[in-house]
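# Report on the structure
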Amino acid sequence: MSNHNNTMSSEETEKLFQRYVIPNYGRYPISLVRGEGPYVWDAEGDRYLDLFCGWGCNLLGHCPPAVVEAVRAQLGRLIHVPNTWHTELQGLWAKALSERSFGGQAFFCNSGTEANEAAIKLARLHNAPRRRYKIITFEDGFHGRTFGSTTATAQPKYHEDLGPLMAGFVYAPFGDLDAVTKLIDDETAALMIEPIQGEGGVRLPPDGFLAGLRELADRHELLLIFDEVQTGCGRTGDWFAYQGFGVVPDVMTLSKALCGGLAGGAMLTTAEIAKSLRPGMHACTFGGNPIAASAGLAFIEAVERDGLLENAKRLGEVFRSRFEQLRGECDLVREVRVRGAMIGVELSIEGAETVRACLERKLLVNCTHETVIRLLPSMNLTEQQAHEGCDILADVLKKQAGNHLSAQ
Ligand SMILES: *Cc1c(COP(=O)(O)O)cnc(C)c1O
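Here the structure is a predicted model, which means the values were calculated and not measured.

## Regarding the site of the ligand
In the vicinity of the ligand, the contacting residues are Ser111, Gly112, Thr113, Asn116, Phe142, His143, Gly144, Glu194, Asp227, Val229, Gln230 and Lys256. Residue Thr113 places a main-chain N or O atom 2.8 Å away from an oxygen atom belonging to the ligand. For the ligand, whose free accessible area comes to 380 Å², the fraction covered by protein is 83%. Here the shell around the ligand gets three residues from one element, more than from any other, and that element is helix α4 (residues 112-127). Across the shell around the ligand, the residue classes tally to two nonpolar, seven polar and three charged.

## Some thoughts on the sheet that holds strand β8 (residues 223-227)
Pairing within the open sheet is mixed, and its seven strands lie in the order β4-β10-β9-β8-β7-β5-β6. Since the sheet does not close on itself, it has two edges, and those belong to β4 (105-109) and β6 (169-172), each with one partner. Going across the sheet, the axis of each strand differs from the next one's by a mean of 20 degrees, ignoring polarity. Here strand β9 (residues 251-254) pairs with strand β10 (residues 265-269) via four bridges, running antiparallel.

## A short note on the nonpolar core
Among soluble globular proteins, nonpolar side chains are generally buried collectively. Formed by 54 residues in total, the largest nonpolar core has its most connected members in Trp93, Leu97, Phe138, Val180, Leu213 and Phe299. In terms of domain composition, this core takes at least three residues from each of domain 1 (10-63 + 307-407) and domain 2 (66-305). Beyond its immediate chain neighbours, meaning those up to four positions away, Leu213 contacts Phe138, Leu177, Val180, Leu191, Ile193 and Leu224.

## Here we look at the sheet that holds strand β14 (residues 366-368)
Taken together, four strands build an open sheet; the order of strands is β11-β12-β15-β14 and the sheet is antiparallel. The sheet is open, and its two borders are formed by β11 (333-339) and β14, each paired with just one other strand. Each strand of the sheet is rotated relative to its neighbour by a mean of 25 degrees, with strand direction disregarded. Summarising the sheet, β11 and strand β12 (residues 342-347) pair through six bridges and their orientation is antiparallel.

## Brief notes about the pairing of β12
For β12, the tally of buried residues reaches six of six residues, placing the bulk of the element in the interior. With burial as the criterion, each face of β12 is covered, one bearing Met342, Gly344 and Glu346 and the other bearing Ile343, Val345 and Leu347. Between the antiparallel neighbours β11 and β12 lie two residues, among them Gly340 with a positive phi of about 60 degrees. The pairing of β12 with strand β15 (residues 372-375) spans four bridges and is classified as antiparallel. Bridging across to β15, Val345 finds its partner in Ile373.

## Some thoughts on the domain arrangement of the protein
The extent of an interface is frequently quoted as the accessible surface area lost upon association of the parts. In terms of domain boundaries, the protein breaks down into domain 1 (10-63 + 307-407) and domain 2 (66-305). A separation of 26 Å is found between the C-alpha centroids of domain 1 and domain 2. Between domain 1 and domain 2, the residue contacts involve 28 residues of the former and 34 residues of the latter. Between domain 1 and domain 2, the buried area comes to about 2,500 Å², and carbon and sulfur atoms account for 61% of it. Considering only the surface of domain 1 that becomes buried against domain 2, Leu309, Arg339 and Met342 emerge as the three largest contributors, covering 28% of it. With a shortest N-O distance of 3.3 Å, Asp238 and Lys313 are connected by a salt bridge. At the surface where domain 1 touches domain 2, the tally comes to 14 residue pairs in polar contact (both at pLDDT 80 or more). Contributing elements (two or more residues each) for the side of domain 1 that touches domain 2: α11 (308-329), β11, β12 and β15. Looking at the side of domain 1 that touches domain 2 element by element, the count peaks at four residues for α11. Looking at side-chain class alone, the side of domain 1 that touches domain 2 contains 16 nonpolar, seven polar and five charged residues.

What counts, and at which threshold
Residues numbered from 1 in each chain as written. Predicted model: local features only at pLDDT ≥ 70, side-chain atom pairs only at ≥ 80, totals over all residues. Heavy atoms only, no water. Near = heavy atom within 4 Å. Polar contact = N/O pair within 3.5 Å; in protein donor to acceptor, adjacent residues only side chain to side chain. Areas by Shrake-Rupley, 256 points an atom, 1.4 Å probe, with all protein chains shown as cover. Helix = DSSP H or I, 4+ residues; strand = E, 2+ residues; numbered from the N terminus. Nonpolar A, V, L, I, M, F, W, Y, C, P; charged D, E, K, R; others polar. Pairing = 2+ DSSP bridges. Axes fitted to C-alpha atoms, helices over the stretch in contact; angles between N-to-C directions. Core = buried A, V, L, I, M, F, W, Y, C linked by side-chain atoms within 4.5 Å. Buried < 20%, exposed > 50% of the residue type's maximum accessible area, 1.4 Å probe, protein only. Domains from an automatic or database assignment. Contact = heavy atoms within 4.5 Å. Buried area = accessible area lost by both parts, 1.4 Å probe. Salt bridge = Lys/Arg side-chain N within 4 Å of Asp/Glu carboxyl O.

This is how it looks when you write it as structure tokens:
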């Protein structure tokens, strides 16, 4: 139990923020105080069904017991030691990730953007002998907020007023293999892509696109980097999304759900490529610390113990059939895109109002790319809870469709 008991109303907490917290986020006027599974409670005691669990980080729901117990026990043993020492936990965590992916090695950090920075540096270091440095990334992608990752993020709205950005990034349209081919030159070092664009609207790659990138990478000896910060760790019903597409990257970045809700990040690559990240060239003070490692291991164990990869796939089918049905009934729903517990519902209108209406009905969803309702539910959600959420969202959208018609 936390020693700090919440005593303030949402409004009082909001006032505290207005005075003391930099307002770089758009926040709802609600203070959350507690979470359990797919539910969170606010300071007024209202309960919400959370289908956008911690921006996708809480893939086992809020406060998953397995992670809570592992972390509690570890907190009393060893919290942090520098990476100048070995810890058994970090070694076991790297082994567990390696065995579930492509058999490589891990570098640990604390966030998605840091994992991508590591990948960008690795791409430069690996290609330095051939004087190659350019990285091709994809329009509407998202890779994080530090300067390298911001530059890798090919969306003008995130670049505004920040220039000059980092040199050496080139942008291609997502899904356009010909365009990528034309952009490759003697200085190209790597291709970096989200196998499914998350922030860009849950956009699935066209058939054969990722395999085509793999071929291009092989032909031109480029590193193929998959940013699986959002798609990885079981989100799509496979341990990693690349497995579902049958295309293996050279480098993969992870964060978000990696530690079951705690901060953690990782970059995985083959032992051969990893040699290029030679000692002294990169580091992360808190990376792979015993708390993150214990949480990361507990997360993996819980997913496998409870058969949650299969459950994520099952949930995907529930959401797909519910929203496909809704598409037939409601003009506002244009397209439904689903991969396991990663769900995008493309609307014909902007989604901000839908999100607000759901919030009033005590349902938490997200809107991305203006028109896409994005759900990143926990993978241990029950079918009944999934239906509970779908009922509310369907109701909200049908009402909106009605208003939309009468407004015309
Ligand atoms: C969230 C996200 C990031 C950035 O992660 P942070 O932990 O916020 O730095 C990078 N890539 C993808 C695909 C993401 O979804």
